[in-house]
Amino acid sequence: MQKSSAEKVRKFLLERSLLDKNLRVKRTESHVVFPLSREPSSEDLQTLKEIADVSFVVENFEKVRIGPRSIKEVLAGKIPEDALAEVRRSFDIIGDIAVIEVPQEVMRYGEEIGRAIMRVHKNVRAVFAKVGPVDTEFRVRKLIHIAGDKRTTTIHREHGCLFYVDVANVYFSPRLSTEHLRVASQVSDNEVVIDMFTGVGPFAILIAKRTASTVFAIDKNPHAIECLRRNIELNKLKGEVIPLLGDARDIVPSRLRGKATRVIMNLPLYAHQFIDVACIGLRSEGGIVHFYTITGGQDPKGEAVEILRKGVERSGRILEEILSTRVVREYAPRKWQVVVDGRIR
Ligand SMILES: C[S@@+](CC[C@H](N)C(=O)[O-])C[C@H]1O[C@@H](n2cnc3c(N)ncnc32)[C@H](O)[C@@H]1O
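Residues numbered from 1 in each chain as written. Predicted model: local features only at pLDDT ≥ 70, side-chain atom pairs only at ≥ 80, totals over all residues. Heavy atoms only, no water.

### Brief notes about the environment of Ser37
Among the structural elements, Ser37 can be located in the loop between β2 (32-33) and α2 (42-51). Distance from Ser37 to Ser17, taken between C-alpha atoms, is 7.6 Å for residues 20 residues apart in sequence. Dropping the residues within four chain positions of it, Ser37 is found in contact with Ser17, Leu18, Leu19 and Asp20. Of note is the side chain of Ser37, whose polar atom sits 3.0 Å from the backbone oxygen of Ser17. (Helix = DSSP H or I, 4+ residues; strand = E, 2+ residues; numbered from the N terminus. Contact = heavy atoms within 4.5 Å. Polar contact = N/O pair within 3.5 Å; in protein donor to acceptor, adjacent residues only side chain to side chain.)

Below, the structure is given as structure tokens:
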């Protein structure tokens, strides 16, 4: 079948367990050939024909080399079972660096855990363990090197942008990737955006990559602003990103009063304390805020809207319209990180 429809067909074959994952897919200049695990039913055939211009051929396929699929699989038998049970299944990969939470009681197996990650993820060159509490100011945690290179800087790719990140000194989460794109895709050319808590600039850079807009990108962590400056250099931007080092509470009222069509407030634990600052930054005719917060209870989205509404009204403005609300992720048991996109007048 032709390459342009290959992804849709692959998804369909996977859904119906029709794809033989032990064999390697063949790709030519213009076509893709998928190995099948069984004969498709007449219903499958009909759907396949609707999705793409498919035809069937008899081919020999190469076998896929199967390595371990999870770090638990690699570690089984190498560390005691009670320690294995404590090893986290999930971890972040930022560029070629993996960062994993390692509970104190299994820290003595840190090196084995790090090596296991590198065995499963061949692109990972360095592994660090997160230890201790999150620094409340810059949102970073102390890292301990457990395997591979002793290097904390890397280049991470996201949505066609490159991000220089120093994992030891700045906040960056690949888990926010969908959020970065969701917000950036709402921005139009000629907008003026204030990204109040920019970090290394994943919202700001992506917005300026896609649109001819201006983004004032604020952070009070000097390391984050240093990474952001590099990221402005690393990416070919249509728009402009202006890095500003300092506290958003000082910078917005003194330099950005009434300038923005849109304000991004990605500091979930404390953003509610900055709603007045966001209102100061917005143009007098109004604009949009992307407000991140943490809520619990029966109605996490409704609660987030109410926090925003009260803060906006206290600032003498009106929350005119809720454009969307979304649970970004579970933050802790029965606590959710929620984002509200609201139009403010
Ligand atoms: C949760 S991180 C978000 C980073 C970024 N938006 C992202 O998606 O990766 C919050 C950032 O806000 C910064 N920060 C915290 N308080 C601040 C303040 N009062 N003014 C400016 N930046 C602040 C921290 O240093 C941190 O980099």
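Here the narrative resumes, following the displayed structure.
### Regarding unusual backbone geometry
Look at Ser17: it is not a glycine, yet its phi comes out positive at around 55°. When its relative accessible area of 52% is taken as the criterion, Ser17 is described as exposed. Phi angles above zero are rare outside glycine, and Arg139 is one such case at about 60°. By the element assignment, Arg139 lies in the loop between β5 (126-131) and β6 (142-148). In this structure Arg139 comes out as partly exposed when scored by relative accessible area, which is 21%. (Buried < 20%, exposed > 50% of the residue type's maximum accessible area, 1.4 Å probe, protein only.)

### Concerning the pairing of β5
Within β5, five of the six residues are buried, which leaves it mostly tucked inside the rest of the structure. With five bridges joining them, strand β4 (residues 97-101) and β5 adopt parallel strand pairing. Looking across to β5, one finds that Ile97 is bridged to Ala126. Crossover β4 to β5 through helix α5 (residues 110-120) is right-handed. In this sheet, β6 lies alongside β5 in antiparallel orientation, the contact comprising six bridges. Along β6, the bridge assignment pairs Val131 with Lys142. (Pairing = 2+ DSSP bridges. Right-handed = clockwise from strand over helix to strand, strands pointing away.)

### Some thoughts on the site of the ligand
Near the ligand there are 21 residues, and of these His180, Phe197, Asp219, Ala248 and Asn266 occur at the shortest range. At 3.2 Å from a nitrogen atom of the ligand is found a main-chain nitrogen or oxygen belonging to Lys220. Measuring from a nitrogen atom of the ligand, one finds a side-chain N or O atom of Asn266 at 2.9 Å. Protein chains shield 97% of the accessible area of the ligand, which is 610 Å² for the free molecule. (Near = heavy atom within 4 Å. Areas by Shrake-Rupley, 256 points an atom, 1.4 Å probe, with all protein chains shown as cover.)

### A word on the domain arrangement of the chain
One can read the domain layout of the chain as domain 1 (3-51), domain 2 (71-151) and domain 3 (171-344). Relative to domain 2, the C-alpha centre of domain 1 lies at a distance of 36 Å. (Domains from an automatic or database assignment.)

### Points about the packing of aromatic side chains
Applying the stated criterion across every chain, the model contains three aromatic pairs. An angle of 85° between the planes, with centres 5.1 Å apart, marks the rings of Phe197 and Phe274 as edge-to-face. Of this pair, Phe197 sits in the loop between β9 (192-195) and α7 (202-210) while Phe274 is found in the loop between β12 (262-265) and α10 (275-281), placing the two residues 77 residues apart along the sequence. Its relative accessible area of 15% is what places Phe197 among the buried residues. Residue classification places Phe274 among the buried positions, given a relative accessible area of 12%. The interplanar angle of 50° and the centroid separation of 6.2 Å between the aromatic rings of Phe203 and Tyr292 together place this pair among those described as tilted. Within this pair, whereas Phe203 is found in helix α7, its partner Tyr292 is found in strand β13 (residues 287-295), the two being separated by 89 residues in sequence. Since its relative accessible area comes to 2%, Phe203 is described here as buried. Assessed through its relative accessible area of 0%, Tyr292 is described here as buried. Directly above the aromatic system of Tyr164 lies the positively charged group of Arg230, at a separation of 4.1 Å from the ring centroid. (Phe/Tyr/Trp six-rings, centres within 6.5 Å; stacked < 30°, edge-to-face > 60°. Lys NZ or Arg CZ within 6 Å of the ring centre and 35° of its normal.)

### Observations concerning the sheet that holds strand β10 (residues 214-219)
With respect to topology, seven strands assemble into an open sheet ordered β11-β10-β9-β12-β13-β15-β14, the strand pairing being mixed. Among the strands making up the open sheet, the edge pair consists of β11 (240-245) and β14 (319-332). Averaged over all adjacent pairs, the angle separating strand axes in this sheet is 15°, with direction ignored. The strands touched by helix α11 (residues 300-314) within the sheet are β13, β14 and β15 (335-344), with β13 carrying the most contacts at an inclination of about 125°. (Axes fitted to C-alpha atoms, helices over the stretch in contact; angles between N-to-C directions.)

### Observations concerning the pattern of salt bridges
Considering all chains together, one arrives at 20 salt bridges under this definition. Notably, a salt bridge pairs Arg24 with Glu62, separated by 3.5 Å at the nearest N-O pair. Residue Arg24 is found in the loop between α1 (6-15) and β1 (26-27), and its partner Glu62 is found in the loop between α2 and α3 (71-75); the two are separated by 38 residues along the sequence. Take Arg24: its relative accessible area is 40%, and that puts it in the partly exposed class. For Glu62, a relative accessible area of 55% puts it in the exposed group. Arg343 is the salt-bridge partner of Glu321, the closest N and O atoms lying 3.3 Å from each other. Here Glu321 is found in strand β14, whereas its partner Arg343 is found in strand β15, with 22 residues between them in sequence. For Glu321, a relative accessible area of 37% translates into the label partly exposed. Each of Arg16, Arg38, Glu43 and Asp44 takes part in salt bridges that share partners, so that together they form one network. (Salt bridge = Lys/Arg side-chain N within 4 Å of Asp/Glu carboxyl O.)

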